[in-house]
Every structure is written in C-alpha cells, then in structure tokens.
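Coordinate inspection notes
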Amino acid sequence: MSARLPLFLRGLCRPPRPPGPPLRLQAPGRASSSGRGGGGGGGEGLLGQRRLQDAQAGNSRGQGSRVPSARDSIVREVLQNSKEVLSLLQEKNPAFKPVLAIIQAGDDNLMQEINQNLAEEAGLNITHICLPPDSSEDEIIDEILKINEDTRVHGLALQISENSFSNKVLNALKPEKDVDGVTDVNLGRLVRGDAHECYVSPVARAVVELLEKSGVNLDGKKVLVIGAHGSLEAALQCLFQRRGSMTMSSQWKTPQLQSKLHEADIAVVGSPKPEDIPLSWIQPGTTVLNCSHDFLSGRLGCGSLGVHFNGLIAEDDVSLLAAALRIQNMVSSGRRWLREQQHARWRLHCLKLQPLSPVPSDLEISRAQTPKAVDVLAKEIGLLADEIEIYGRSKAKVRLSLLERLKDQADGKYVLVAGITPTPLGEGKSTVTVGLVQALTAHLNINSFACLRQPSQGPTFGVKGGAAGGGYAQVIPMEEFNLHLTGDIHAITAANNLLAAAIDTRILHENTQTDKALYNRLVPLVNGVREFSSIQLARLKKLGINKTDPSTLTEEEMSKFARLNIEPSTITWQRVLDTNDRFLRKMTIGQAHTEKGYSRQAQFDIAVASEIMAVLALTDSLTDMKERLGRMVVASDKNGQPVTAEDLGVTGALTVLMKDAIKPNLMQTLEGTPVFVHAGPFANIAHGNSSVLADKIALKLVGEEGFVVTEAGFGADIGMEKFFNIKCRASGLVPNVVVLVATVRALKMHGGGPSVTAGVPLKKEYTEENIQLVADGCCNLQKQIQIAQLFGVPVVVALNVFKTDTRAEIDLVCELAKRAGAFDAVPCYHWSVGGKGSIDLARAVREAAGQGSRFRFLYDLQLPIVEKIRTIAQAVYGAKDIELSPEAQSKIDRYTQQGFGNLPICMAKTHLSLSHQPDKKGVPRDFILPISDVRASIGAGFIYPLVGTMSTMPGLPTRPCFYDIDLDTETEQVKGLF
C-alpha cells in the first residue's frame, strides 16, 4: 500500500515465525507471488498449480476429475467480473485501489498464497496481520478494532481457528468491512432477503455456485449440512432454501445422522469427519462438497473425504472459489466506499428550538439546549472516526488528512458575511452567519457549514464580550466557545514568545562572546562528535557555505554562520498576551544585572495580532505552515538584510508548538448544524478572517450543492477587502455571494444619530421611528455595497431586525439597498426565533449564488507598495490621497529592496470609520489618509501599513466585562458571559 497503515507490516511468503508478539505482514502494492508458485503469477499461476495437482490425483478421484475445469472456469469468471468492475471504478477514481486486510492467528500460509495471487489477478492490495497461534480473544479483537478504524482498508477477513470464532470476535468487525459475511448484521440482512445490502459468506456462495455450475438442479433437493457451525451454517441454510431446497442440519454426533445421510441428495461437510463415522453411510450418487477446512482459513481438515461416489466431490475447490468470491465482495465494498465519499445530503439530526419571549440572555439560551455529542455530529456530516480528535463532549479537532480523502470532491458554494461600518450598537455578523446556516440546514435541508473566528480572551473580559452569535442563533456551548476552546491561542502565545526570547537571547550572546566561543556553543561537541542540526545545515546553504563537517569551516565562515548581527532598532517582533493590558504597550526589557546591561524598549501586542495567528489563518498544510513560520522576518541585520525565524533556528520548535493548533475545531449551532471555529486575527490590525483550512475542509464536506458561510471582521471596507485581496489569493477559492449585514439602529448613527455610551439607556432616536435618520445613514450601506461590487461578487443585504424597528424603516432600508445594486435585501429574525427567522435570507443567498460570480482582485501584486496602498485608500475608503510619514517611506524602501514589494496589503486602520478618524461616520469624503508606519508579515505573506495611530494592545474600560463573570462553585457553571 502506498500509504502507511497503523500496524507494522512485513512482506508475505515468509517462513513461519516463532511464538511471540503479533507479526504484521504486508504485500506492498500488488501482491507478489514470487518464491511460491513457480512459473506464472496471479490467478493463472495458482490455477495452473491446481490443475497439475488435480491431474496427479486424477486416478483416485473418479468423476471428481471433471471438477477442476468447471471450478477454474467459475473462478476465472468471478475474477474477470471483479477486474471489470474495479476498472470502471478506477476510470473515475484513478488512485483508488481496495485493500483487504486478513488477520491470521497461526502458521498456515496456504490461504496467504491463494489470497495473494487472486488479489494480484483482480488488482487489489492485500495486507496480512499475523498473530501467534495462541492469541487471546482480546488480542484478536484489538487488531480488529484497529483495522475497523483504518480508512485505507476496505475489507477485513479472519483467518483464525474455529475455536476463536466467538460472537464477541465476529461482531467486533464493522459490518461494512465484513467481506466474509460473519457478523450478525450481515447475516440478519441475508435472512431478511436483503442480500444486495449485505455481504454473503463466500464459502456458502462457493458451495451453491459449484453445484449450480455443475448442472445440479437444487429445486426440491434434500440438502444435509453436516458439522457446520454459526454463520456458515446459517448462510448455507438460507441460500439453499432460497433455491427451493429442503435443508437439514446435523452434527457428526447426532444419533439420526445415518438416516439423514441416506435421505440426502446433497451433503455439505462443514468440519472434519470423525474416524468412527463410516463412509458407507453416504449413499452412492450423493453429491458431496467438502468444506471441512476452517471455513475462513482454508486449512483442510484431517478427515478429508476420499472415496468414490457417483456425485461431485469438491475439497479444495470450495476454498479456491470462496477466495475469489471474497475478492468480489472486496470490490463491492470498495464501490460502496466510493459512493459514500461522493456528495450526499447529510442525514443530520437537527436540534429543536423552543423560543421564548422575551428572549432570555445568550448564556441562558445556550445552557437550555443540550448539544449533540461531537462524535455523533462528525459522523452525520461525513467525517470518519480517525479524522477527529475529541476534546470533551462538544468539541473536536479535525485532521487535515480529510483533504486528501476528499480531494476529488467538488467544492460547495462560498459565502462571505461582512457588514457596514461598525458602531457601538452592534450589527450582528456572527449572529447572521449562524442564523443563515441554521436556516439552510435545519429548515431547507441544504448542507451548510459556518466558519467563524475564535474570539480573543481580551475582548471577552474587556468591553465587547463573546463572539458566539446571540439569541437563538449562536454556537454552543457558548462558554466553551468564548473561553480557551482547544488552546489554539495559547499555542500561538507560546510560539510567539519563544521566538521573542530567541531574538533577545541571540543578541545578548553575540554581544558577550567571541566568534569561536559562540560557534562552539552553537555547534557543541557531544560524545566526542560535533554535528550541525538540520536547520543549521539549511542556514549554511543559505549563506553559500557548502560544507557539512563543522571542523572544516574557516574562521570567516564560522563568524558568518554564528553571527546574525541583529540591529536592535529594527526588531519588529513583539511579545504577546491574550489579555487587554494597556500598561504593556511600551516597556523596557533586560534590566536585570544578569542581562549584562543589554536593555531596550519593547512592547506587548494582543495575542491575536501575532503574525503566527495570521500564518495559522492563511496556511493550507502543515508543510506550508512550517515554511511560513521559517520565513517570518523579525528584524534586519546591520547590513539591512532581513533576519528570519529560520536564521534563529527556531522554525522546527515553532511548528511543534503549532502542530495541533493547525487543525480546525468542530462545534455546533443551537440547532445542531456544524461550525468550524478556527483562527482569530483581528480585522483592524490583521486580516480579520477565519482559517483557509477550515473553509477548504468545510467546502469539501458540504458537497457541490452545499454552502460554506464564513465571516469577515468589522466592516466590508476592512474585513471583506482583506478577505478578497489576501485570503482569496492565499486559498485560491472564489466567493459566490457576499451577505452584507446592517441594522436600523446602526444606520441611524451613520445618519447623524447621537453618540452611544455603554451602560447608558439608548436615546429615543434609536428606539422610535425616525425615517430621516435611517435614510441619511443608508449612505454607509450603499458605499459598502459599492465596495463589494468592485470585486464582482453579488451582494445580499441582511437587515438584522430589532424589536424597536418599524415596518417603514425596514422597508426603506431594503428598498435603498436594492437601488444601490444589491441582488436582494432581506429582513432577518434569527435572533428571536432561530434559523426559521432567516429562511428568506437563505433562499436569497441560494438564488444569488446561482447567478454566478465575476470575481476579480482590486489590484495587481506587481504594483509598487505605495500604489497598492493608494488604490485601497481611494477605491475602498474614498480618500482623496495618502500621506506617508518618513518612517513609512523608509520601511517601504527597505521592504522593496529586500524583495517583498510584490506582497498584498493589509491595512491596519480604525474599524469605526471609512476614514482614519473614528468619529467620522457615514461616508467621509476628500480626506487624506495618513500612513504613519509600515510593517511586514513575510511569513503570513502581506505588508501592513499603519493608518494614523493604531494600538496593537487594547486596554480595559472603566467597567470591564469581568465584573459580571463568575463561577458557580457547586455546579461549575459559568455565569455572566454574553
């Protein structure tokens, strides 16, 4: 097999092993027949050997000597059918190759050869897991459970002693992988007459087909099954009865055995004949089939029949045909597996809502709903058991291997939720996002996925509160969503600060050591050997030093290798903390005497402003993330050249800290629809979108007719612009629809309404009808629609309705939005009633997606940095021009000289206005946009200009949210989150 299975597997056709722990045997790629069959391989070689054996035994077989040719014909026909079906499957899925796993407990290698040759003939892969003969029931079950969960194995057979076939062992097999038809589920379906929905025992089928192909008419015949047990006995009885036969069963020690044998037209021997049972009991002319080997292993019993009868005698005939029919079952299993991978409407059990009026608090609503177990949700949306890592009961990480499994799956429709320029009154983008997917999936039965950012702990305990949505459109459990989640932000914090420590430590050691001492410490002598690490070899290559032996470097080369010569004034990498703390905005580090006088001014940023967060949000694989982390520029050296994380030797360690954070987090909405929560860069100081990986995985899971709804931070001028120009460039994904969120209250503020203070009751302008304020404020909505149209994507306006909004105000907003070019404008009520309140929005989005997108980027990456900044300022913000500070111009010149001029632009700007002045609402005009500084996130892949005065560390207000947050120590329930 091309992919490594979770068991240690070795090649087949090895000598029997001594007792000991389980030995895994594997035939990589197509099974090989070398060293065993002599001459030809595959089914032809095996059949050739069998014909030779049959010819040698011909004198003693009587009429049985005619059997091999009939048997060979049947086997050949079965194999040919399997090959043709598999070939058709592989035309559409070239990389597909079914894999059969066989768990063997014992030293019998006969069936290894049979299965191996037939698998090669049909074009399958085969894997053997060899256990000691005395393996316990639990040891066998343990191996079965591992194979059950291996998505690369499509069928599982047991080659163990008859004594080991307990119900517990047999029913440990997954019915969909049970190609021998031994589980109760498959037997039950066979008995009910649902043979097309189950796997039928290959041995039982082989018995019946050998009889029918040999011209035996089974209708009305008396069939005696002797010495068979369990699933084989049940399958034989069922198949014979379906063909009109009268079926009897008997064990060898049954007193009436002789009389039953006298009556039988056909005898099927299912276990070795005791020596005290005379062959004369079998009447001449009786057709006898011998399955007396272990019915799965193919090992012949000691009492093999060998007397002349007028009927058919088949000993190894059954085992050979059974092996071929098992291959046929394998192909059927592969076909079913492929069908399951194709897009299908989810069988999602949606959770029912019972909305209350007045609407309770978000936390009360969240706590009143019991979420589904996350593994149940995962199975409903098509995730396999080994593709999730469960955190508690309601959260799970999803492994990136899913993308490889679904790489041929068509993507669903891609919807972005953005908003008008934010106000303190809130617009509810997260609420609209959740309400939309609840409407699509729970009410319109359309596969849909919400992809949200993970909220920072800073705003959660500061002024904004949580970000799980609100009312009856939120992600649950809300407290788990808002607090810690699965620790991704903590991982980012640890990785960021490790890199920060590495920078200052390297400067300290370079300042206090000679070249030789520094080199000897960087490449230490360990057990008498001095070696470069992998990342150090990469640095040597970058420096043009083509040496691998540390002792061969010249003094000049050692100095060049050991010294980064970081210029402290150019350090752009800051330490981070996921707490709003204004007193960390500027500080002095290195004041302890142990730092030997090396100190400098530094600062802390909020954790979600770290470039590592942006890397996480934009990466598309673990390999890509590692490369991006290594490319992160932290400073310049004294010659003006960039110094990277790779130069500091910390790339591998950063990747280790981030290896789990890269996996998206699966949660659910109040109505039980799936949500990915992954990455959380701010939109005003970073690019403000959830992860590319979450979107890509979700687009595969929903299928071609499904929808993925993702959210961009703040207004369309910030989050949406960055989504298009940065995220879509990184992902290669093309959006189908933009949903632009507005509220009547926020539009009133943009129309000149009075200021709003947190904790103070709203003035009457916001609670009473005021058509003029609404009309004046719609200029901002119209501007944001125009911004979306710059990118060629249809816009649907979602008006988030509050109970104080009047019908006249709602109708006015919708009418003006359509006049401005919106595809549609729809009032939404999900906050008060859940997805039911956004059905009209869902229908509008579905219709808009069908219109097609003419997506285009706003600017060419090859433009100079200044021109790209100017394009955004003028086309998006409406600025007259830009004004660069000397510092900004100097940085632009440096980044251009360093080769970073062709990166996209990520504007760091206030979110409260289209301009750089937060108090300028509506649509400011004729302003000059000041660019105070320019920084580079080379690993993330963008240049970010700072507009005016932008803080990257928020502060706490006079009365932070933490005053209301508490824990009930009896129930351990969180109180006060919103």
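Remember, predicted model here, so these are calculated numbers, not experimental data.

Analysis parameters
- Residues numbered from 1 in each chain as written.
- Predicted model: local features only at pLDDT ≥ 70, side-chain atom pairs only at ≥ 80, totals over all residues.
- Heavy atoms only, no water.
- Buried < 20%, exposed > 50% of the residue type's maximum accessible area, 1.4 Å probe, protein only.
- Helix = DSSP H or I, 4+ residues; strand = E, 2+ residues; numbered from the N terminus.
- Pairing = 2+ DSSP bridges.
- Phe/Tyr/Trp six-rings, centres within 6.5 Å; stacked < 30°, edge-to-face > 60°.
- Core = buried A, V, L, I, M, F, W, Y, C linked by side-chain atoms within 4.5 Å.
- Contact = heavy atoms within 4.5 Å.

1. Topic: the pairing of strand β13 (residues 448-452)
Remark: a regular strand shows side chains that alternate across the two faces of the sheet. Among the five residues in β13, five count as buried, and that is most of the element. Here β13 shows no split at all, with S448, A450 and L452 on one side and F449 and C451 on the other all buried. With four bridges joining them, β13 and strand β26 (residues 707-711) adopt parallel strand pairing. Within β26, the position partnered with S448 by the bridge is F707. Bridge analysis of β13 against strand β25 (residues 674-677) gives three bridges, and the strand direction is parallel. Counterpart to A450 in the pairing with β25 is V675.

2. A short note on the packing of aromatic side chains
A complete count under the given rule lists twelve aromatic pairs for this structure. On the basis of an interplanar angle of 10 degrees and a centroid distance of 6.0 Å, the ring pair of F96 and W337 is categorised as stacked. Taken together, the positions of F96 in the loop between α2 (67-92) and β2 (99-105) and W337 in helix α10 (residues 316-341) put the pair 241 residues apart, joining distant regions of the chain. In this structure F96 comes out as buried when scored by relative accessible area, which is 7%. Ring geometry for F962 and Y963: centres 5.3 Å apart, planes at 20 degrees, overall stacked.

3. Quick word on the pairing of strand β4 (residues 155-159)
The element β4 is largely enclosed, with a buried count of five among its five residues. Because side chains alternate across β4, one face comprises the buried residues G155, A157 and Q159, and the other comprises L156 and L158, equally buried. Pairing between β2 and β4: five bridges, direction parallel. The residue of β4 that forms the bridge with I102 is A157.

4. Description of the nonpolar core
Core analysis: the largest hydrophobic core is formed by 91 residues, its most contacted members being F449, L666, F676, L701, F724, L781 and L929. Sorting elements by how many residues they give to this core places helix α32 (residues 865-877) first, with seven residues. Not counting chain neighbours up to four residues away, the residues in contact with L701 comprise W346, I381, L383, L402, L406, N447, F449 and F676. A119, C238, L289 and L338 belong to the second largest nonpolar core, which has 55 residues in total.

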